[in-house]
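Working through the structure, step by step
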Amino acid sequence: MAGEPAPVSWELLGAGRQLAGALKVELAGVLLGQGVEGLANEAWAYGADRVYLVEDPVLGPYRTAPYARALVELVQRYRPEILLLGATSMGRDLSGAVATALGTGLTADCTALNIDPATRLLEQTRPAFGGNVMATILCQRHRPQMATVRPRVMPLPPRQEGRQGELVRVGIDLKEEEALATVLEVIEEKGKAVYLDRAEIVVAGGRGLGSRENLRLLEELAGVLGGTLGASRAAVEAGWLPPEYQVGQTGITVRPKVYFAIGISGAIQHLVGMQNADVIVAINKDPEAPIFKVATYGIVGDFLEVVPALTEEFRRQLAARST
Amino acid sequence: MLQMVVCVKQVPDTAEVRINPRTNTLVRAGVPAILNPYDAHAVEAAVQLKEKYGGQVTALSMGPPQAEEVLRRALGMGADRAILLSDRAFAGSDTLATSYILAAAIRAIDRETPVDLVFCGKQAIDGDTAQVGPGIAARLGFTQLTYVMAIDGVDLEKRQIQVQRKLEDKREVIRGRLPALLTVVKDLNELRYASLPALIRAARATITTWSKDDLDLDPASIGLKGSPTSVRRIFAPPARPGGELIPGEPRQAAAILVAKLVQTKIIADK
Ligand SMILES: Cc1cc2nc3c(=O)[nH]c(=O)nc-3n(C[C@H](O)[C@H](O)[C@H](O)COP(=O)(O)OP(=O)(O)OC[C@H]3O[C@@H](n4cnc5c(N)ncnc54)[C@H](O)[C@@H]3O)c2cc1C
Ligand SMILES: Cc1cc2nc3c(=O)[nH]c(=O)nc-3n(C[C@H](O)[C@H](O)[C@H](O)COP(=O)(O)OP(=O)(O)OC[C@H]3O[C@@H](n4cnc5c(N)ncnc54)[C@H](O)[C@@H]3O)c2cc1C
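This write-up is about the structure you can find in this document. Fair warning: this is a prediction, and the values are worked out from it, not measured in the lab.

Basis of the calculations
Residues numbered from 1 in each chain as written. Chains lettered and ligands numbered in written order. Predicted model: local features only at pLDDT ≥ 70, side-chain atom pairs only at ≥ 80, totals over all residues. Heavy atoms only, no water. Helix = DSSP H or I, 4+ residues; strand = E, 2+ residues; numbered from the N terminus. Phe/Tyr/Trp six-rings, centres within 6.5 Å; stacked < 30°, edge-to-face > 60°. Buried < 20%, exposed > 50% of the residue type's maximum accessible area, 1.4 Å probe, protein only. Lys NZ or Arg CZ within 6 Å of the ring centre and 35° of its normal.

Before going further, it helps to examine unusual backbone geometry. Put simply, R143 of chain A and P144 of chain A share a cis peptide bond, and its omega is -5 degrees. Note on placement: P144 of chain A falls in the loop between β7 (133–139) and β8 (145–149). The phi torsion at A130 of chain B lies on the positive side, around 60 degrees, for a residue other than glycine. If you trace the backbone, A130 of chain B turns up in the loop between β8 (117–121) and α4 (132–140). Positive phi outside glycine occurs at R159 of chain B, with the angle close to 55 degrees. Within the fold, R159 of chain B resides in the loop between β9 (143–155) and β10 (160–166).

Summed over the entire model, instances satisfying the criterion amount to four aromatic pairs over all chains. Centroid distance Y62 of chain A to Y67 of chain A: 4.8 Å. Interplanar angle 55 degrees. Geometry classified as tilted. Each of the two residues, Y62 of chain A as well as Y67 of chain A, counts as buried. Look at F260 of chain A and F314 of chain A: their rings are 6.3 Å apart centre to centre, the planes differ by 85 degrees, and that puts the pair in the edge-to-face class. Taken together, the residues F260 of chain A in strand β13 (residues 258–262) and F314 of chain A in helix α9 (residues 303–322) connect sequence positions 54 residues apart. Like F314 of chain A, F260 of chain A is buried. Above the plane of the ring of Y38 of chain B lies K186 of chain B, whose end atom (NZ or CZ) is 5.1 Å from the centre. The aromatic ring of F235 of chain B is capped on one face by R233 of chain B, whose charged end is 4.2 Å from the ring centroid.

Right, here's the structure in full:
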């Protein structure tokens, strides 16, 4: 990881802790970057027994070649049985290069990881075919068994303040010329949707909204709850919300406490992006809409009536509770 | 002049692929095969660079003989030639073996005329791994530039390319050395309609086919044997436990639902 750690790193430590427990081995974290030593405390707090730290100016901005070299060298020296990375754009960029250099197997975008107690093999389960199919993948003879894990799929482990571990500083001879690339600029794409993947409450609309104007009703509901808007691809394609708001296979994966699906039919490509929500509320006028099959609570009706009623009720009941 | 190779994959239209819940096997019958949508943008990007800087675009696909169709589509979009890698021994390749075979073919092309740029899609919509592009780059030692959403320019003299990468909440402007491998997202360009003469040319073009014997390959590194990962089982995604429909008029239903969420503290005051 470089700079700001991706939250998925801590989720990986949670998953890794369970695997390490099943195998009765140690759990280590890897910190690559420049000026990242302070993050070791975080890694210990989230469950790492040991942290391998490689600090080097060449690792300041992320570039594939030097990061891959550093990680490959660490693996060759310390020989882990399992290596997990977050399935972020950076993690996917890096893992493919590293697995190839190591000549080992790599399973993408896992949603479940288990140890088979008989064989000690890592069972890696992942969606494929756009979420229509789940597959369990094994890497039997090559080590490490490598997997990327989709953000927001594994729960964040509790943070154990003050938990300490071992720090192993590793020097690797990296050269700027071998980085092959220079990062010229990083432009923040701002907007609320940036935080969609971390939102606790998502109020998402689909084609059923009928018009951009009707989005106002969802904004009001989101406003009362402190939630964030989301969209199906159909709503994005209609131009009602920008692409950053799209939830699903080709959009963002969310894991909020509550996901409101409003005028969204529940196509599989949408479901894969939100079915890990703790609670799903579906509002749809078609009682046969597939979204009701995954919804915790459903209301069959016209959102033009249901959503304003919900907003008003939340306002009333939340006010009653806080007085 | 740029020598470019675009890797294109034939994929089932995944919206239609289902699992037979009794046998846990893929139901592919009647599912149309298409050019992987991201790869279409990769072809378009290469053709646009050819229009700007001159050069040649080779479309490359590994797959069964029917994969010829996606190569003809690439030719219709403006690729100059197409190569199909087809051999029973390639079947069952995972991403490590697939990138090994594709990299071997790119090396063979490189021996005729040195390759400057390789294009891949961000990911294939069936396997969905996004691993083949980085695998090829690692094997060839090319500069790896993934999630490319814009190509700012190529400097042929300095042998550099400048692109913008689409990251979660950022856009990164990065300059890389040639030769480079790019994986592309759909924002990169708009697809154009193929012209009639181009389509006719594509339909008539001969497609070169290479088997394992045409390439410099270690038989232990291809197909099932060369694949460290194996699919132990496939199954339908588990359904979430069934939910509760809240009856009543909108206002009534809303009051009941809100009470459930507020009382269980699922939604508390913000
Ligand atoms: C490769 C691929 C990738 C894709 N990726 C994504 C993705 O990332 N995210 C995504 O969302 N989709 C994605 N899709 C598209 C997906 O298949 C669906 O087409 C899309 O999700 C449908 O959006 P929708 O539910 O808003 O629209 P529809 O399916 O048209 O549903 C609209 C719903 O609104 C209801 N409705 C209408 N009027 C009202 C009303 N007044 N009150 C209440 N309900 C009403 C209708 O009953 C209907 O159920 C992808 C498709 C493919 C092929
Ligand atoms: C259910 C299932 C799950 C799988 N999971 C894994 C896994 O976790 N790890 C693993 O290593 N393998 C896995 N595989 C095997 C993998 O799908 C194949 O190796 C496949 O050939 C390439 O992977 P992909 O489709 O994910 O391509 P991606 O890596 O997503 O493709 C990216 C780009 O590479 C290029 N490309 C890919 N394949 C070709 C080709 N045949 N010809 C030309 N260009 C190509 C295209 O430009 C494409 O856009 C799985 C297969 C199945 C059926």
